[in-house]
Amino acid sequence: MKAVVVGGGLLGMMTARELSKSGATVTLLEQGQIGRESSWAGGGILSPLYPWDYADSVNALAKWSQQQYPQLAEELIDEGGVDPQWTQSGLLVLANQTTADAMFAKATNWARDYGIACERLDERMLHEQEPELAEAHTQGLLFPEIAQIRNPRLIKSLRASCLKRGITLLENSPVSGFLVSGKKVRGVSVGEDKHEADVVVICAGAWSARLLTSMNIEVPIKPLRGQMLMYRTSPGQIKRITLSEGHYVIPRRDGRVLAGSTQEDVGFDKSTTQEALLELRHTAEALFPFLAEAELENHWSGLRPESTAGIPYICMISGLEGLFLNAGHFRNGVVLAPASVRLVTDLILQRTPILEPRDYGLER
Ligand SMILES: Cc1cc2nc3c(=O)[nH]c(=O)nc-3n(C[C@H](O)[C@H](O)[C@H](O)COP(=O)(O)OP(=O)(O)OC[C@H]3O[C@@H](n4cnc5c(N)ncnc54)[C@H](O)[C@@H]3O)c2cc1C
């Protein structure tokens, strides 16, 4: 089988890799450079934020993926030599006095249903876990098994793995149309160039809807900008991914600390703004005051592929045999990727799917 994957983010590379593992000959087409969009910009938290507020269909993908990540990281180290730094740093969720009881009750019920470890921390335990946390915080919920991965390293390791597996990676190749005969897709076009294939999988992130409009297919995916900061600190000063009122910090192994993130409906504009810089600094430094003295090393943005309720589209596009979609992962594309690529590959190969596909179709 010949497959074309459109889009060289995490979803595209992992889909290409999974198809190649099952024996397909795969070409991946990327309009710019591989892994420079949302997949590079993301934080790499391997859990939805506040997962109890998400649909079961999102949590099912997350749970399947979380179980795969340690093995995936090992495989990628073996195949490409780049360590994506899967790290079980744990997730600490903070809440204020008025919201804590309700939120913690909902969260602990959810954790019990999904078999995920969680522990309520009082003030003393909280500050033992995170000695640099601002004193104002008095209550937290710890999910010790939640892990993180380092996006740019994951991209590097996937790229190396794809090349090692003989996948053709073509950059600067914007797909502009589809080759169709009758009711079957026969490939894609990049300007005058044609790439024939039995199967085409669209993994074009926030751009997926724009691409499908050329076929009069409407998909409710749109860009939602997120800005992020990175501080340089000493390793271990912050131990856990820490989430408070929608903002978070992520401590990397080498002491870098990411602070995120904004949610801005500004179309395909990837600028960074002074306003977001101040907002992110304010929230990160209110959590961990020592960050105010730390070097601020970087500030960037990315375009999340926003979909309704954050449920991705992992499906065949009905009426066009051979055309598949794996996009719209919104805030959770990293954590949902392994299950999403496995599910789309199950659909392509007509295997028994790992999860009920109806939940991820366009007509749900
Ligand atoms: C600030 C921020 C923080 C985040 N934090 C997390 C987190 O902690 N955990 C988590 O799980 N998720 C997180 N996310 C979300 C996650 O990064 C995304 O859901 C995920 O990266 C989407 O991957 P993708 O491959 O679908 O999209 P992308 O990485 O955007 O890749 C799509 C690719 O398709 C290419 N493309 C588009 N159109 C065409 C075309 N016509 N032809 C060829 N190529 C095309 C694009 O150039 C792009 O490279 C975050 C996102 C942001 C922005």
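What counts and what doesn't
Residues numbered from 1 in each chain as written. Predicted model: local features only at pLDDT ≥ 70, side-chain atom pairs only at ≥ 80, totals over all residues. Heavy atoms only, no water. Phe/Tyr/Trp six-rings, centres within 6.5 Å; stacked < 30°, edge-to-face > 60°. Helix = DSSP H or I, 4+ residues; strand = E, 2+ residues; numbered from the N terminus. Buried < 20%, exposed > 50% of the residue type's maximum accessible area, 1.4 Å probe, protein only. Lys NZ or Arg CZ within 6 Å of the ring centre and 35° of its normal. Salt bridge = Lys/Arg side-chain N within 4 Å of Asp/Glu carboxyl O. Expected span 1.5 Å × (residues − 1). Lys, Arg positive; Asp, Glu negative; His and termini not counted. Contact = heavy atoms within 4.5 Å. Near = heavy atom within 4 Å. Polar contact = N/O pair within 3.5 Å; in protein donor to acceptor, adjacent residues only side chain to side chain. Areas by Shrake-Rupley, 256 points an atom, 1.4 Å probe, with all protein chains shown as cover. Core = buried A, V, L, I, M, F, W, Y, C linked by side-chain atoms within 4.5 Å. Pairing = 2+ DSSP bridges. Axes fitted to C-alpha atoms, helices over the stretch in contact; angles between N-to-C directions. Parallel < 35°, antiparallel > 145°, perpendicular 65-115°, else oblique. Left-handed = near helix turned anticlockwise from the far one by under 90°. Nonpolar A, V, L, I, M, F, W, Y, C, P; charged D, E, K, R; others polar. Domains from an automatic or database assignment. Buried area = accessible area lost by both parts, 1.4 Å probe.

Points about the packing of aromatic side chains
Taken as a whole and assessed by the stated rule, the structure comprises 7 aromatic pairs. Ring centres of W52 and F143 lie 5.8 Å apart, and the angle between their planes is 20°; this geometry places the pair in the stacked category. You can see W52 sitting in the loop between α2 (38-41) and α3 (56-80) and its partner F143 sitting in strand β5 (residues 140-143), a full 91 residues away along the chain. The buried category is assigned to F143, whose relative accessible area is 2%. Clustering of aromatic rings is evident, with ring pairs tying together Y50, W52, W110, Y114 and F143. It is R36 that lies over the ring of W40; its NZ or CZ is 4.7 Å from the centre. Between the NZ or CZ atom of R210 and the centre of the ring of F268, over which it lies, the distance is 4.2 Å.

Description of the pattern of salt bridges
According to the stated counting rule, one finds 24 salt bridges in the structure shown. In this structure, E37 and K270 form a salt bridge, with 3.0 Å as the shortest nitrogen-oxygen distance. Of this pair, E37 sits in the loop between β2 (25-29) and α2 while K270 sits in the loop between β14 (256-260) and α8 (274-287), placing them 233 residues apart in sequence. The partly exposed category is assigned to K270, whose relative accessible area is 35%. For R232, the salt bridge goes to E295, with nearest N and O atoms at 3.6 Å. Taken together, the residues span a long stretch of sequence, with R232 in strand β11 (residues 221-232) and E295 in strand β15 (residues 295-307) at a distance of 63 residues.

Section: helix α1 (residues 10-21)
Look at α1: 16 Å from first C-alpha to last across 12 residues, which is about the 16 Å you get at 1.5 Å a residue. All of the buried residues in α1 are L10, L11, G12, M13, M14, T15, A16, R17, E18, L19 and S20. Phi turns positive one or two residues past the end of α1, at G23, with a value near 105°.

Quick word on the side chain of E130
Here E130 is to be found in the loop between α5 (123-129) and β5. Buried E130, no salt bridge; nearest opposite-charge side chain is R240, N-O distance 4.7 Å. Leaving out residues up to four positions away in the same chain, E130 has contacts with L92, Q237, I238, K239, R240, T242 and F288.

As for the site of the ligand
What surrounds the ligand is a group of 38 residues, the closest being E30, S39, I45, F330 and V335. At a separation of 3.2 Å, an oxygen atom of the ligand approaches a polar backbone atom of S38. Here an oxygen atom of the ligand sits 3.5 Å away from a polar atom, N or O, in the main chain of N332. Here the ligand, which alone exposes 1,000 Å², has 98% of that area covered by the protein. When contributions to the shell around the ligand are tallied by element, the ones reaching two or more residues are α1, α2, β11, β15 and α9 (333-349).

Let's talk about the nonpolar core
Judged by nonpolar contacts, the single largest core of 46 residues is most densely connected at M14, L19, Y69, L154 and V201. Secondary-structure elements contributing two or more residues to this core are β1 (2-6), α1, β2, α3, α6 (151-164), β10 (199-202) and α9. With 9 residues, α9 is the single largest residue contributor to this core. Setting aside residues no more than four positions away along its own chain, L19 makes contact with M1, A3, V5, A24, V26, V201, T345 and I348.

Remarks on the sheet that holds strand β7 (residues 177-181)
Spatially, the 3 strands line up as an open sheet ordered β7-β8-β9, and their pairing is antiparallel. Of all the strands in the sheet, just β7 and β9 (193-196) have a single pairing partner and so form its edges. Across the sheet, the axes of successive neighbouring strands diverge by a mean angle of 35°, strand direction being ignored.

Topic: the packing of α1 against α9
Viewed as axis vectors pointing N to C, α1 and α9 meet at an angle of 40°, and their least axial separation amounts to 9 Å. Relative to α9, the element α1 is oriented oblique. α1 and α9 meet at a crossing whose hand is right-handed. Where α1 abuts α9, its residues L10, L11, M14, T15, E18 and L19 lie against G333, V334, A337, P338, S340, V341, R342, V344, T345 and I348. Residues of the contact of α1 with α9, tallied by class, amount to 10 nonpolar, 4 polar and 2 charged.

Some remarks on the domain arrangement of the chain
Here the chain is described as being made up of domain 1 (2-80 + 151-220 + 308-360) and domain 2 (91-147 + 222-307). Of note, the centres of domain 1 and domain 2, computed from C-alpha atoms alone, are 27 Å apart. Three residues, Y50, W52 and F330, lead the burial of domain 1 against domain 2; their summed loss comes to 26% of the area buried on that side. Counting across the interface, domain 1 meets domain 2 through 2 salt bridges. One salt bridge in this structure joins D53 and K106, with 2.9 Å as the shortest N-O distance. Contributing elements (two or more residues each) for the side of domain 1 that touches domain 2: α2 and α3. Sorting elements by how many residues they give to the side of domain 1 that touches domain 2 places α3 first, with 4 residues. For the side of domain 1 that touches domain 2, the residue count by class is 16 nonpolar, 13 polar and 7 charged.

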